[in-house]
Structures are given as structure tokens and as C-alpha cells.
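Coordinates in review
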Amino acid sequence: QESSEEQKGAGLDQCSGEEFAEFQSLNQEYTGKFGFPFILAVAGYDRKGILDVFRKRVKNGKEEEMGEALKQVHKIARIRIE
């Protein structure tokens, strides 16, 4: 539930058709490349900002991205604990 509320706060429930298609395409590419879903602490981001981060991170190497994904998991946990 918290994740859904955070995503709504970032405007992800209001994507245009074009944005939705890009999110789907990036998600498929990302998951295929890294073997795990894209993880981002979305607090403070809007749709455009999330897409920008997604576009950049899908270009990372696997080791670099694993480190970034773990940072994001820790950030999400910290936000929820506080």
C-alpha cells in the first residue's frame, strides 16, 4: 500500500500513453538485462524525473546497477521507518 501511495504521489497513476509505453519498454529492457525489477525511492520525483533516472540506469553495468538498487532499497526502508 505504501508503494502505491508513493507512486501516486509521483504522478505515475497519471501517465500519458506515451509515458506508459516508455515505462513498459524500459522495464522490459531493465529486467531482461539485470534480472530484477527497477527499484527507485520515488519520494521527491515526478514522472519525468523517474523516466530520466530509468533511462540512465538501464545503461549501467550489472555490478554498478546492483549497487544502486541496493542503495535504493535502503533508502526506501529508511523512509518507511521514519
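Going by the structure above, here's the rest.
Residue numbers restart at each chain and count upward from 1, following the sequence in its written direction. For a predicted model such as this one, the threshold for reporting local features is a pLDDT of at least 70, and the threshold for listing and counting side-chain atom pairs is 80 or more; totals across whole chains, interfaces and linings nevertheless cover every residue. Note that water and hydrogens are dropped before the side-chain values are worked out from all heavy atoms of the structure.

Quick word on the packing of helix α2 (residues 17–34) against helix α4 (residues 62–81)
- Every axis corresponds to a line fitted to the C-alpha atoms, with the helix fit spanning only the stretch in contact, and the corresponding angles, defined between N-to-C directions, vary from 0 to 180 degrees. Helix and strand labels come from DSSP, where a helix needs a run of H or I of at least four residues and a strand needs a run of E of at least two; each type is numbered from the N terminus. Relative to each other, α2 and α4 sit at 110°, their axes nearing to 10 Å. It follows that α2 is roughly perpendicular to α4 by the angle criterion. Viewed along their axes, α2 and α4 form a crossing whose handedness is left-handed. Between α2 and α4, the contacting residues are Y30, K33 and F34 on the first element and K62, E65 and A69 on the second.
- Residue polarity is assigned by list, with Asp, Glu, Lys and Arg as charged and Ala, Val, Leu, Ile, Met, Phe, Trp, Tyr, Cys and Pro as nonpolar; anything else, Gly included, falls into the polar class. In the contact of α2 with α4, the residues fall into three nonpolar, no polar and three charged. Small angles under 35 degrees read as roughly parallel and large ones over 145 as roughly antiparallel, with 65 to 115 read as roughly perpendicular and the rest as oblique. Crossing handedness: left-handed means the near helix sits turned counterclockwise from the far one by under a right angle, and right-handed means the same turn made clockwise. By the convention used here, residues are in contact when the closest approach between their heavy atoms is within 4.5 Å.

Topic: the pattern of salt bridges
- We define a salt bridge as a side-chain nitrogen of Lys or Arg found within 4 Å of a carboxyl oxygen belonging to Asp or Glu. Applying the stated rule across the entire model yields five salt bridges.
- Between R55 and E22 there is a salt bridge whose closest N-O contact spans 2.6 Å. A residue pair is termed long-range when its members are at least 10 positions apart, and R55 in helix α3 (residues 47–57) and E22 in helix α2 qualify at 33 residues.
- On the accessibility criterion, E22 (26% relative accessible area) is partly exposed.
- Residue E65 pairs with R57 through a salt bridge whose shortest N-O separation is 2.5 Å. Burial classification: accessible surface area is computed with a 1.4 Å probe over protein chains only, and a residue below 20% of its type maximum counts as buried, one above 50% as exposed, and the rest as partly exposed.

Section: the side chain of R57
- Turning to its location among the elements, R57 is positioned in helix α3.
- Within 3.5 Å is the distance limit for a polar contact, defined as a pair of N or O atoms, with the added protein rule that one can donate a hydrogen and the other accept it, and that residues adjacent in sequence qualify only through two side-chain atoms. Side chain to side chain, R57 and E65 meet in a polar contact 2.5 Å long.
- Those residues in contact with R57 that lie beyond four places of it in its chain are Y30, F34, F38, I39, L40, E65, E68, A69 and Q72.

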